[in-house]
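Breakdown of the fold
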Amino acid sequence: AQSVSQHNHHVILSEAASLELGCNYSYGGTVNLFWYVQYPGQHLQLLLKYFSGDPLVKGIKGFEAEFIKSKFSFNLRKPSVQWSDTAEYFCAVNPNTNAGKSTFGDGTTLTVKP
Amino acid sequence: DTAVSQTPKYLVTQMGNDKSIKCEQNLGHDTMYWYKQDSKKFLKIMFSYNNKELIINETVPNRFSPKSPDKAHLNLHINSLELGDSAVYFCASSPIGSPGANVLTFGAGSRLTVL
């Protein structure tokens, strides 16, 4: 079974600081990788995804993530965070099958101070 | 129009009661899910249905019974509620087949509090 590890449980940054959230997974086969975001009081929504091809993927709101297969990692980055990025961030992995299930990491709480 | 809608949004009930949460999606997706988010925000899949057929059933007490009358609906019934059932329950859906397979669209969540 696959598992996902997010290294940072709570990150506090000032506006304009750069962000990198770590995500590592364990699964031997081909995977689809995702970052979801949950803004305060809202439901989870997709931030970005990797299926295949270019390992550097860009998502909404200036976020990007890089898939490094040799490291089983899919770290999330943003060059300059804003107060509105305050949210819970979840990394997820799904085996590359049509009926696969997404396994989520424990989540990282990002607090951006104005 | 809400893509994945759940009702109720909040549910407060006593131990031992039976309750249901309903979910509907208007995206035309074939697969629907129930996820449980505990107080530490950890998300864990409970069930998955593909076109009304149960395909994923994680280690969940049999007090939890999902029902899918059609591929647009997936309801969750919980019998004999316990304190540990307090959580936020998220319904989600996804298409099958590339390129969107396994991309989850979530509902707003149903916060269940068992007293």
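Let me begin by describing the structure that accompanies this report. This structure is a prediction, so every number in the text was calculated from the model and none was measured. Residue numbering note: each chain is counted from 1, following its sequence as written. Numbering of ligands from 1 and lettering of chains from A proceed in the order in which they are written. Local features in a predicted model are, by the rule used here, given only for residues with pLDDT of at least 70; side-chain atom pairs are given and counted only at 80 or more, and totals for whole chains, interfaces and linings are based on all residues. With hydrogens and water excluded, all non-hydrogen atoms of the structure serve as input to the side-chain values.

1. Looking at the pattern of salt bridges
Test applied: Counted as salt bridges are all cases of a side-chain nitrogen of Lys or Arg within 4 Å of a carboxyl oxygen of Asp or Glu. Put simply, DSSP H or I for four residues or longer makes a helix, DSSP E for two residues or longer makes a strand, and each gets a number counted from the N terminus. Burial here depends on accessible area, computed with a 1.4 Å probe over protein chains only, as a share of the maximum for the residue type. Under 20% is buried, over 50% is exposed, and the range in between is partly exposed.
A full pass over the atoms with the stated rule returns 7 salt bridges over all chains. For Arg77(A), the salt bridge goes to Glu64(A), with nearest N and O atoms at 3.4 Å. Of the two residues, Arg77(A) sits in strand 9 (residues 73-78) while Glu64(A) sits in strand 8 (residues 64-68), which places them 13 residues apart along the sequence. Accessibility expressed as a relative area gives 22% for Arg77(A), which makes it partly exposed. When its relative accessible area of 19% is taken as the criterion, Glu64(A) is described as buried. In this structure, the salt-bridge partner of Asp85(B) is Arg63(B), at a minimum N-O distance of 2.8 Å. Taken together, the positions of Asp85(B) in the loop between strand 8 (73-78) and strand 9 (87-94) and Arg63(B) in the loop between strand 6 (53-57) and strand 7 (64-70) put the pair 22 residues apart, joining distant regions of the chain. One exposure class covers both Asp85(B) and Arg63(B), and it is buried. When salt bridges that share partners are traced, they join Lys58(A), Glu64(A), Glu66(A) and Arg77(A) into one network.

2. Overview of the pairing of strand 7 of chain B
Residue and element names in this part refer to chain B. Put simply, the test is: The criterion for strand pairing is that DSSP finds at least two bridges linking the strands in question.
Inspection of the sheet shows strand 7 paired to strand 8 by 5 bridges, in the antiparallel sense. Bridging from a neighbouring strand, Phe64 pairs with Ile78 of strand 8. Hairpin connection between strand 7 and strand 8: a loop of 2 residues separates the two successive antiparallel strands.

3. Thoughts on the layout of surface pockets
For clarity, the threshold we go by: In this analysis a 1.4 Å probe is tested at points of a 1 Å grid over the protein atoms alone, and where it fits but cannot get out there is a cavity; an open set with protein on both sides within 12 Å along at least five of seven lines is a pocket; lining residues have an atom within 4 Å of a point. Grid points are joined across faces, edges and corners, and a volume is the space filled by probe spheres set on the points. All amino acids are sorted into three groups, where Ala, Val, Leu, Ile, Met, Phe, Trp, Tyr, Cys and Pro are nonpolar, Asp, Glu, Lys and Arg are charged, and the leftover types, Gly among them, are polar.
The volume enclosed by the largest pocket comes to roughly 440 Å³. Together, 26 residues line the largest pocket, and Gln38(A), Gln37(B), Lys41(B), Val88(B) and Arg111(B) are the ones closest to its centre. Looking at the lining of the largest pocket, the elements that each hand over two or more residues are strand 10 (87-95) and strand 12 (108-113) of chain A together with strand 9 and strand 11 (110-114) of chain B. Among the residues forming the lining of the largest pocket, the class breakdown is 10 nonpolar, 11 polar and 5 charged.

4. A word on the nonpolar core
As a reminder, the rule being used: We call a set of buried residues a nonpolar core when its members are Ala, Val, Leu, Ile, Met, Phe, Trp, Tyr or Cys and they connect through side-chain atoms within 4.5 Å of each other. Should any heavy atoms of two residues lie within 4.5 Å, those residues are counted as being in contact.
Counting 28 residues, the largest nonpolar core has Leu19(A), Leu33(A), Trp35(A), Leu48(A), Phe74(A), Leu76(A) and Tyr89(A) as the members making the most contacts within it. Those elements giving two or more residues to this core turn out to be strand 2 (10-14), strand 3 (19-21), strand 5 (31-38), strand 6 (45-50), strand 8, strand 9, strand 10 and strand 12 of chain A. Ignoring any residue separated from it by four or fewer positions in sequence, one finds Leu76(A) in contact with Leu19(A), Glu20(A), Leu21(A), Trp35(A), Leu47(A), Leu48(A), Phe63(A), Glu64(A), Ala65(A) and Tyr89(A). Counting 19 residues, the second largest nonpolar core, distinct from the first, contains Phe47(B), Tyr49(B), Phe64(B) and Leu76(B).

5. Observations regarding the interface of chain A and chain B
Counted only if it meets this: Using a 1.4 Å probe, buried area is obtained as the accessible area two parts lose upon being combined, added over both of them. We call two N or O atoms a polar contact when they sit within 3.5 Å, provided that within protein one can donate a hydrogen and the other can accept it, with sequence-adjacent residues counted only if both atoms are side-chain atoms.
The partner chain B presents 23 residues to the 22 residues of chain A that form the contact. Of the roughly 1,800 Å² buried at the junction of chain A and chain B (both faces included), carbon and sulfur atoms supply 57%. At the junction of chain A with chain B, the criterion picks out 0 salt bridges. Across the contact surface, chain A and chain B share 5 residue pairs in polar contact (both at pLDDT 80 or more).

6. Quick word on the pairing of strand 8 of chain A
Residues and elements named next belong to chain A. Sheet analysis places strand 7 (residues 56-58) next to strand 8, joined by 3 bridges and oriented antiparallel. The partner of Val57 across the bridge, within strand 8, is Ala65. The turn joining strand 7 and strand 8, which pair antiparallel and follow one another in sequence, is formed by 5 residues; a positive phi near 60° is taken by Lys61. Looking at chain direction, strand 8 and strand 9 are connected through 5 bridges and run antiparallel. Bridging from a neighbouring strand, Phe67 pairs with Phe74 of strand 9. The hairpin turn running from strand 8 into strand 9, its antiparallel successor, is 4 residues long, and Phe72 in that turn takes a positive phi close to 50°.

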